[in-house]
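Residue-level structure breakdown
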Amino acid sequence: LFTNYLSLSGSVGVDAGLYDQYETRFNGIYRKPVLTSSNISLSTDSRNPIIFSLGGQYQEDSKKAQDWGGSLGIDAKPLPWIELTLSGSFDQSRNRWSWSQTVSNFNIFALRGTDQYNCTVRATVTFTRDLTLQVYGQEFLAKGHYENYQQQIGVDAFAIPTVDYTNEDFNRKAFNTNVVLRWEYILGSTLY
């Protein structure tokens, strides 16, 4: 935290890999590669009516998969009873060794590359201590491509598939929204 209340944070981590049953959707054990990660974030003075934030992250695993991304956010309090947040982020991943599908009890893995983008808007209007309106909206885009399909023959061993598999490429778009009017008509009892 600097003297002008600008804040800067960062971290570095290592995931030892270990064994994972979730990657295969409980259809056997997979040994995850060792993963190193780092991130950094910067934020302006949180006491101001407008706060800007910026972040970035990078990951790489022992099988040469790479993941990088960033985020940008604006928090605004134009009036004491109104809070607005606008944020956006992107994440790109390349050469991630990932489960693709299970065919005849055989796990099929492939190298996956993904691009994800999202934009989120949040607003809270506080009419009284007991009555608030909350609005949320998110546009989400995700695109993924699989290549070099392999059949799992051990916890971390793979071979050319002996079963037929399908191409699992995807391109998804979604818009999610919620509007909630919350009224605490008596202490401890809330109506939505």
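See the structure printed just above.
In this report, we go over the structure that sits alongside the text. This one's a predicted model, so the numbers in the text were calculated from it and none came from an experiment.

Assigned secondary structure in the chain consists of 0 helices and 12 strands. Along the chain direction, N to C, the helices and strands of the chain fall in the order β-β-β-β-β-β-β-β-β-β-β-β. Against the 2.2 N^0.38 benchmark of 16 Å for 192 residues, the chain shows a C-alpha radius of gyration of 22 Å, more extended than a compact globule. Along the first, second and third principal axes, the C-alpha atoms of the chain reach 65 × 45 × 30 Å. By the burial criterion, 28% of the 192 residues in the chain qualify as buried. Residue pairs at least 24 apart in sequence account for 53% of intrachain contacts in the chain once pairs closer than 6 positions are excluded. Accessible surface, the chain: about 12,500 Å² in total, of which carbon and sulfur atoms supply 58%. Treating the 16 positive side-chain charges of the chain as one cloud and the 19 negative ones as another, the clouds have centres 2 Å apart.

This part is about the environment of L79. For L79, the location among the structural elements is in strand β6 (residues 66–79). The class for L79 is partly exposed, based on a relative accessible area of 37%. Along the chain, L79 and L6 lie 73 residues apart, while their C-alpha atoms are 22 Å from each other.

A word on the environment of V121. Assignment of secondary structure puts V121 in strand β8 (residues 106–128). Residue V121 is classed as partly exposed on the basis of its relative accessible area of 44%. Separated by 16 residues in the primary sequence, V121 and G137 have C-alpha atoms spaced 5.2 Å apart. Once residues lying within four places of it in the same chain are set aside, the contact partners of V121 are T85, L86, V135, Y136 and G137.

What the rule picks out here adds up to 4 salt bridges. The salt bridge partner of R94 is D115, with a shortest N-O separation of 2.8 Å. One end of the pair, R94, is in strand β7 (residues 82–103); the other, D115, is in strand β8, and 21 residues separate them in sequence.

Conventions and cut-offs
- Residues numbered from 1 in each chain as written.
- Predicted model: local features only at pLDDT ≥ 70, side-chain atom pairs only at ≥ 80, totals over all residues.
- Heavy atoms only, no water.
- Helix = DSSP H or I, 4+ residues; strand = E, 2+ residues; numbered from the N terminus.
- Rg over C-alpha atoms; globule rule 2.2 N^0.38 Å.
- Buried < 20%, exposed > 50% of the residue type's maximum accessible area, 1.4 Å probe, protein only.
- Contact = heavy atoms within 4.5 Å.
- Areas by Shrake-Rupley, 256 points an atom, 1.4 Å probe, with all protein chains shown as cover.
- Lys, Arg positive; Asp, Glu negative; His and termini not counted.
- Charge placed at Lys NZ, Arg CZ, Asp CG, Glu CD.
- Salt bridge = Lys/Arg side-chain N within 4 Å of Asp/Glu carboxyl O.

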